[in-house]
Amino acid sequence: QVHIVESGGGLVQSGGSLRLSCVASGITFRIYDMGWYRQASGKTRELVARISDSGSVYYADSVKGRFTISTDNAKNMVSLQMSSLQPEDTAIYYCDINGGTPGWRAPNYWGQGTEVTVSS
């Protein structure tokens, strides 16, 4: 059974930094990419950053230059280093795993989320 756990959220002042971590266990397939989404109160969930198994990365325009995504593939772990945080970064951050085997695509797996609050 796949289990995803995010950690590292908290309360930080504007301009501060946080590092989020996500660990996936029970993985029996190849992971194609891992990503971070966030959902602010009253808003839809949005993609923040994604990294593929080849190392290709994507960042939402709103976080470019401030956030850095990285992985430890051997540990099925993905991290998100967040710097220069702003109040608009306040949200619950979720980790997402995509993968599969030849001829089969695994369903999206999500963690329970970790809350980030940035005070002005």
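My aim in this report is to walk through the structure given alongside it, one point at a time. (Residues numbered from 1 in each chain as written. Predicted model: local features only at pLDDT ≥ 70, side-chain atom pairs only at ≥ 80, totals over all residues. Heavy atoms only, no water.)

### Quick look at the packing of aromatic side chains
Spelled out, the test is: Aromatic pairs are defined between Phe, Tyr and Trp rings, using the six-membered ring for Trp, whenever the two ring centres lie within 6.5 Å; interplanar angles under 30 degrees are classed as stacked, those over 60 as edge-to-face, and all others as tilted. Strands are runs of DSSP state E lasting at least two residues, helices are runs of H or I lasting at least four, and both sets are numbered from the N terminus onward. Each residue is assigned to one of three classes by its accessible area relative to the maximum for its type, calculated with a 1.4 Å probe on protein chains only: buried under 20%, partly exposed between the two thresholds, exposed over 50%. Whether a charge lies above a ring is judged from NZ of Lys or CZ of Arg, which has to be within 6 Å of the ring centre and within 35 degrees of the ring normal.
Overall, the coordinates contain 3 aromatic pairs when judged by the stated rule. Between F29 and W104, the aromatic rings sit 5.8 Å apart at their centres with planes inclined by 70°, giving edge-to-face as the arrangement. Note that F29 is positioned in the loop between β3 (18-25) and β4 (30-39) and W104 in strand β10 (residues 104-105), a separation of 75 residues in sequence. A relative accessible area of 10% places F29 in the buried class. Centre to centre, the rings of Y37 and W110 are 4.9 Å apart; their planes meet at 65°, and the pair counts as edge-to-face. Here the residue Y37 occupies a position in strand β4, and W110 occupies one in strand β11 (residues 109-110), the gap between them amounting to 73 residues. On the basis of relative accessibility, which here comes to 33%, the residue W110 falls in the partly exposed class. Three or more aromatic residues link up through ring pairs in this structure, and these residues are F29, W104 and Y109. For the cation-ring pair, R45 lies above Y94, with the distance from its terminal atom to the ring centre recorded as 3.7 Å.

### Focus on the environment of N73
Within the element layout of this structure, N73 appears in the loop between β7 (67-72) and β8 (77-82). Each C-alpha atom of the pair N73 and G35 lies 13 Å from the other, and the pair is 38 residues apart in sequence.

### Here's the deal with the pairing of β4
Defined as follows: The criterion for strand pairing is that DSSP finds at least two bridges linking the strands in question.
Across the 10 residues that make up β4, a large majority, 7, are buried. Bridge count for β4 against strand β9 (residues 91-101) is 9 bridges, and the pairing is antiparallel. Note that in β9 the partner of I31 across the bridge is G99. Direction of pairing for β4 relative to strand β5 (residues 46-52): antiparallel, over a ladder of 6 bridges. Residue M34 lies in a different strand from β5, and its bridge partner there is I51. The turn joining β4 and β5, which pair antiparallel and follow one another in sequence, is formed by 6 residues; a positive phi near 80° is taken by G42.

### Side note on the state of the cysteines
For clarity, the cut-off: Defined by distance alone, a disulfide is two cysteine sulfur atoms within 2.5 Å.
The tally for this structure, following the rule as stated, stands at 1 disulfide. Between C22 and C95 runs a disulfide, and the two sulfur atoms are separated by 2.1 Å. Negative torsions about the S-S bond denote left-handed disulfides, and the value of about -75° found for C22 with C95 makes this one left-handed. In this pair, C22 is assigned in strand β3 and C95 in strand β9, connecting sequence segments 73 residues apart. Of the two residues, C22 and C95, both sit in the buried class.

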